[in-house]
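Tertiary structure, described
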Amino acid sequence: MRVIAGKARSLQLKTPKGMATRPTTDRIKETLFNMLSPYLADSVFIDLFSGSGGIGIEALSRGARHAYLVENQKDAIACIQENLKFTGLAQNATLLGQDVFGALSCIHEKEADVIFMDPPYGKDYEKRVLELLQDLSYVTENTLIVTEAALAADFSYAEMLGFTVIKEKCYKTNKHVFLQKK
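Residues numbered from 1 in each chain as written. Predicted model: local features only at pLDDT ≥ 70, side-chain atom pairs only at ≥ 80, totals over all residues. Heavy atoms only, no water.

**Looking at the sheet that holds strand β6 (residues 163-170)**
On the basis of which strands lie adjacent, the open sheet formed by seven strands has the order β3-β2-β1-β4-β5-β7-β6 and mixed pairing. Because the sheet does not close on itself, it has two edges, and the strands there are β3 (93-96) and β6. Looking at each pair of strands side by side, their axes are set apart by 15 degrees on average, direction ignored. Looking at chain direction, β6 and strand β7 (residues 174-181) are connected through seven bridges and run antiparallel. Bridging from a neighbouring strand, Glu168 pairs with Val177 of β7. Against the sheet, helix α1 (residues 26-40) engages β1 (44-48), β4 (114-117), β5 (144-150), β6 and β7, with an angle of about 15 degrees to β7. (Pairing = 2+ DSSP bridges. Helix = DSSP H or I, 4+ residues; strand = E, 2+ residues; numbered from the N terminus. Axes fitted to C-alpha atoms, helices over the stretch in contact; angles between N-to-C directions. Contact = heavy atoms within 4.5 Å.)

Shown next as structure tokens:
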């Protein structure tokens, strides 16, 4: 896995050993960031269930002002620290080594521009995160929320939580769902 574009372009990133994380493939990451490019310049980017930190690091490399990377697995936290140091982007990142559901209240920004989450599939974490995001002051009508999910994941509940699905991009094995607050 590597950084695709920007300041840290072509640098190889480490990934945690084992099957606890599923790094987003370079091809899918490139497609995702082509769609996110209008949102990235000088942005606040939040990467939930961060794994190796590859998504948050890519956002920083492409011009995000600050990224919050949230991960609670020790091996993954160590991996993110190494990757941030190696890419020279650590000064623009805050690593929250804790549970996502607790970490959301530790972020103190006026507005988040992009919130990306790639939770374990099939555990309804997406819904639980959206339930929390609906009441946080840094989540506004301008905040873009992107969820990487299984192809079969259903987001019909989003309307009840005050979010609108504005786009879905399906791949062979998963999809990205783009949401905004109503």
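**Here's the deal with helix α2 (residues 54-61)**
Most of α2 sits out of view: eight of its eight residues are buried. Looking at α2, one finds that the buried residues are Gly54, Ile55, Gly56, Ile57, Glu58, Ala59, Leu60 and Ser61. In the core, the buried residues of α2 are packed alongside α1, β1, β2 (66-70), α3 (74-87), β3 and β4. Once α2 ends, the next one or two residues include Gly63, with phi positive near 115 degrees. (Buried < 20%, exposed > 50% of the residue type's maximum accessible area, 1.4 Å probe, protein only.)

**Things to note about the environment of Val177**
Mapped onto the fold, Val177 is located in strand β7. Taking the C-alpha atoms as reference points, Val177 and Val129, separated by 48 residues in sequence, lie 14 Å from one another. Ignoring anything within four residues of it in the chain, the contact list for Val177 reads Ile145, Val146, Thr147, Phe155, Val165, Lys167 and Glu168.

**Looking at the nonpolar core**
Grouped together as the largest cluster of nonpolar side chains are 30 residues, with contacts concentrated most on Leu48 and Leu133. Where this core is concerned, the elements lending two or more residues are β1, β2, α4 (100-103), β4, α5 (125-133), β5 and β7. Look past the residues within four positions of Leu48 in its chain and what remains in contact with it is Val70, Val100, Leu104, Ile115, Phe116, Met117, Asp118 and Val129. Ala8, Leu36, Ala67 and Leu89 belong to the second largest nonpolar core, which has 26 residues in total. (Core = buried A, V, L, I, M, F, W, Y, C linked by side-chain atoms within 4.5 Å.)

**Here we look at the pattern of salt bridges**
Note on pairing: side chains with opposite charge can pair once their charged atoms come close. A complete count under the given rule lists five salt bridges for this structure. The salt bridge involving Arg62 is made with Glu58; its shortest N-O contact spans 2.7 Å. The partly exposed category is assigned to Arg62, whose relative accessible area is 23%. Glu168 serves as the salt-bridge partner of Lys175, at 3.5 Å between the closest nitrogen and oxygen. (Salt bridge = Lys/Arg side-chain N within 4 Å of Asp/Glu carboxyl O.)

**Topic: the environment of Ile115**
Along the chain, Ile115 turns up in strand β4. Separated by 24 residues in sequence, Ile115 and Val139 place their C-alpha atoms 8.8 Å apart. Leave out the neighbours within four places in its chain, and Ile115 touches Ile46, Leu48, Leu133, Tyr138, Val139, Thr143, Leu144, Ile145 and Val146.

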